[in-house]
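Examination of the molecular architecture
Residues per chain are reported as follows:
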Amino acid sequence: MRIGEIGKTIIEGELTLRKLMAIRLGRQAAFLVVAAIFAFFAVISGHGLLWAFCYQTLGFSALGAAATVFAADVLVVLMGLVMGRRSYMTPEEIRVRFAREHALNELRQTVALSAVATTVAGPLTRHTFRAVWGLLRSLTGRGK
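Once a new chain begins, its residue numbering starts again from 1 and follows that chain's sequence as written. The predicted origin of the model limits local features to residues at a pLDDT of at least 70 and limits the giving and counting of side-chain atom pairs to 80 or more, whereas totals for whole chains, interfaces and linings rest on all residues. Based on all heavy atoms of the structure, the side-chain values leave hydrogens and waters out of the count.

Under the annotation held in an unreviewed UniProt entry, the protein carries the name Phage holin family protein and is attributed to Komagataeibacter sucrofermentans.

Bringing the overall build of the protein into the picture now. Starting at the N terminus, helices and strands are each numbered in turn, a helix being any DSSP run of H or I of at least four residues and a strand any DSSP run of E of at least two. A count of helical and extended segments in the protein gives 4 helices and 0 strands. The C-alpha atoms of the protein give a radius of gyration of 35 Å, which is well past the 15 Å a tight globule of 144 residues would have. With the principal axes as the frame, the protein shows a C-alpha extent of 120 × 25 × 20 Å. Accessible surface for the protein amounts to roughly 10,900 Å². Of this, 72% is attributable to carbon and sulfur atoms. The charge count treats Lys and Arg as positive and Asp and Glu as negative. His and the chain ends do not count. Lysine's charge is taken at NZ, arginine's at CZ, aspartate's at CG and glutamate's at CD. Taking the average location of the 17 positive side-chain charges in the protein and that of its 8 negative ones, the two points are 15 Å from each other. For the radius of gyration, the atoms used are the C-alpha atoms, and the globule rule reads 2.2 Å times the number of residues raised to 0.38. Each accessible area is a Shrake-Rupley result for a 1.4 Å probe, and residues are judged covered by the shown protein chains and nothing else.

For A35, the position within the fold is in helix 1 (residues 2–57). Judged by relative accessible area, A35 falls into the buried class, the value being 12%. Through-space distance from the C-alpha of A35 to that of V111 is 50 Å; in sequence the pair is 76 residues apart. Contacts of A35, omitting those with residues within four sequence positions, involve G80 and L81. Buried, partly exposed and exposed residues are distinguished by accessible area as a fraction of the type maximum, computed with a 1.4 Å probe on protein chains only: under 20%, between the cut-offs, and over 50%, respectively. Note on contacts: a residue pair qualifies if any of its non-hydrogen atoms lie within 4.5 Å across the two residues.

The next thing to look at is the domain arrangement of the protein. When the parts of a complex come together, some accessible area is lost, and that lost area is often used as the size of the interface. As used throughout, domain bounds are those supplied by an automatic or database domain assignment. According to the domain assignment, the protein contains domain 1 (1–88) and domain 2 (89–143). Between the C-alpha centres of domain 1 and domain 2 there is a distance of 53 Å. Facing the 14 residues of domain 1 at the interface are 13 residues of domain 2. Across the domain 1 to domain 2 interface the summed buried area is about 1,300 Å²; carbon plus sulfur atoms make up 70%. Its largest share of buried area at the contact with domain 2, domain 1 owes to I10, L17 and L20, together 37% of the area lost on that side. Salt bridges, as used here, are contacts in which a Lys or Arg side-chain nitrogen is within 4 Å of a carboxyl oxygen on Asp or Glu. Taken together, the links from domain 1 to domain 2 amount to 2 salt bridges. Taking the shortest distance from any N to any O, the salt bridge between E93 and R24 comes out at 3.0 Å. N or O atoms closer than or at 3.5 Å make up a polar contact, with two conditions inside protein: a donor-capable atom paired with an acceptor-capable one, and, for residues adjacent in sequence, both atoms drawn from side chains. Taken together, the connections running from domain 1 to domain 2 amount to 2 residue pairs in polar contact (both at pLDDT 80 or more). Note that Gly is not counted as nonpolar here; it falls among the polar residues with everything else outside the nonpolar set of Ala, Val, Leu, Ile, Met, Phe, Trp, Tyr, Cys and Pro and the charged set of Asp, Glu, Lys and Arg. When the residues that make up the side of domain 1 that touches domain 2 are grouped by side-chain class, the tally is 7 nonpolar, 4 polar and 3 charged. When two components associate, each loses some accessible surface as probed by a 1.4 Å sphere; the sum of these losses over both components is called the buried area.

Listed below in structure tokens is the structure:
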């Protein structure tokens, strides 16, 4: 049956779309977790070394070295947040969305056509047609 096939196509498209969305959201969550872990360890372990490098080697003051360390941490955290927050649909996800929408439109058209055909070919229509035909025949004088 055509409606069943279209319904199956819609369900398969929806399942594929949900799977691709889950993969995309999982990737986003992984980037956010990596950014959070890096931010945590950067705050704990990297500060002493970077501060000493800025203070001893580059000749910064104590305040300048601390500000440089803080700016580096903020930069890395912002990069991780930007990478984790971007949410672009993949080409495959876009293709599946279009296929699903096309199948939904086809299902709507098939159901509408089926409803119209049932109405036109139904028993009420046949009886109405017979009554109108009989009335026309009696008005034209060709009745039995």
